[in-house]
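A look at the structure
In case you want the letters, here they are:
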Amino acid sequence: GTAAAFGKKVDENYEKVRSVFPFDDVEGQRLLPIFYFTQRDHYLDWWVKNLGGKRENAERSGGVASGDVYSTYHQSVNASVHIHEQTHQIFRNRLRLSGGGSWFQEGLAEYMSVKPSELNEIKRLAQKGKLTPMKEFVVVPSLLMSSSAEGRKEGGSQAGLAYTYGAAIVEFAKHSQFGRDRFLEWVHAMGKVARGDLPAIEREMARVYGVTVDEFEEEFTAYWSKRKKVKDWHAPANSGMSRR
């Protein structure tokens, strides 16, 4: 029934994320736990008990990855929240890349859960110079709590501008001529620095791409101002970096 269909989709999502961000399964590693509640109220009860906070905050959530666990409730198996939160779960528990900052972690998850057309607003804003300066954006503690993500349902495609911006940075690094050959190296570098540590981000950006954050932003703006239809959206990255 539905549980079996959900389980099949979970496995498909796992392999989809792995195809873009390669990693090897390790013998003896524990399976990633998923709590699937048949009733939304039970999921909300779990959220409040295990994550703390107000129930109204839980009600904004369609699913959440916390620690080892992905928790969600009965809804469409194709709901984009599933691969969004599974990406978080996989980056923490398989790739061991939980750093960088909210911009990086949410950007990766949003990239995996949206379609290229859902980022079109970034082109208009890039052309008008209306995006938050990247040096400010990469130190935002939580995109979910930022004003630009106000009212956003956590996970999935109903992203506020902040989540869209994060996904646009990932697209640029993966698909642009500037970024693609060192994309996975960049992912591993960003994922290992402390969250929001601008000097460390600057240092790793220089090591991987030979540019400052400001220069990276200039390349990003140039790419997005002229961005065309993206092909092979979730195809494996163009990088010779070995699996980890």
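Because the structure is a prediction, the values reported are computed rather than measured.

Procedures and definitions
Residues numbered from 1 in each chain as written. Predicted model: local features only at pLDDT ≥ 70, side-chain atom pairs only at ≥ 80, totals over all residues. Heavy atoms only, no water. Helix = DSSP H or I, 4+ residues; strand = E, 2+ residues; numbered from the N terminus. Buried < 20%, exposed > 50% of the residue type's maximum accessible area, 1.4 Å probe, protein only. Polar contact = N/O pair within 3.5 Å; in protein donor to acceptor, adjacent residues only side chain to side chain. Contact = heavy atoms within 4.5 Å. Core = buried A, V, L, I, M, F, W, Y, C linked by side-chain atoms within 4.5 Å. Pairing = 2+ DSSP bridges. Axes fitted to C-alpha atoms, helices over the stretch in contact; angles between N-to-C directions. pLDDT = per-residue confidence, 0-100. Phe/Tyr/Trp six-rings, centres within 6.5 Å; stacked < 30°, edge-to-face > 60°. Lys NZ or Arg CZ within 6 Å of the ring centre and 35° of its normal.

1. Side note on the side chain of His175
Assignment of secondary structure puts His175 in helix H8 (residues 161-175). A relative accessible area of 15% places His175 in the buried class. At a separation of 2.9 Å, a polar atom in the side chain of His175 contacts the side chain of Tyr111. A distance of 3.2 Å separates the side chain of His175 from the backbone oxygen of Trp233, its partner in a polar contact. Every residue in contact with His175, bar those within four places of it in the chain, is listed here: Tyr111, Arg180, Tyr223, Val230, Lys231, Asp232 and Trp233.

2. Brief notes about the nonpolar core
If you look at the biggest cluster of nonpolar residues, it comprises 57 residues, and the most contacted ones within it are Phe21, Trp186 and Phe220. Counting residues per element, this core draws most heavily on H8, which supplies nine residues. Ignoring sequence-local partners within four residues, the contact set of Phe220 consists of Ile122, Leu131, Met134, Tyr165, Ala168, Ile169 and Phe172. Listed in part, the nine residues of the second largest apolar core include Leu44, Val64, Val69 and Tyr73.

3. A closer look at the sheet that holds strand E3 (residues 69-73)
What the three strands build is an open sheet, ordered E1-E3-E2; its pairing is mixed. Of all strands in the sheet, those bounded by a partner on one side alone are strand E1 (34-37) and strand E2 (63-66). Averaged over all pairs of adjacent strands, the angle between their axes in this sheet comes to 10°, without regard to strand direction. Sheet strands in contact with helix H1 (residues 2-20) are E1 and E3, and its direction is about 145° off that of E1.

4. Considerations on the confidence of the model for the protein chain
Per-residue confidence for the protein chain gives a mean pLDDT of 90; residues scoring 70 or more make up 91%. For the stretch residues 239-244, pLDDT sits under 50, and the model shows 14 contacts to residues farther than four places along the chain or on other chains.

5. Some points on the packing of aromatic side chains
Any two aromatic rings considered together are summarised by their centre-to-centre distance and by the angle between their planes. Throughout the structure, instances matching the rule amount to 25 aromatic pairs. Residues Phe137 and Tyr165 carry aromatic rings whose centres are separated by 4.1 Å and whose planes lie at 20° to one another, so their mutual orientation is stacked. Within this pair, whereas Phe137 is found in helix H7 (residues 134-137), its partner Tyr165 is found in helix H8, the two being separated by 28 residues in sequence. Here the two residues Phe137 and Tyr165 agree in accessibility, since each one is buried. Positioned above the aromatic ring of Phe23, the side-chain terminus of Arg18 is 5.2 Å from the ring centre.

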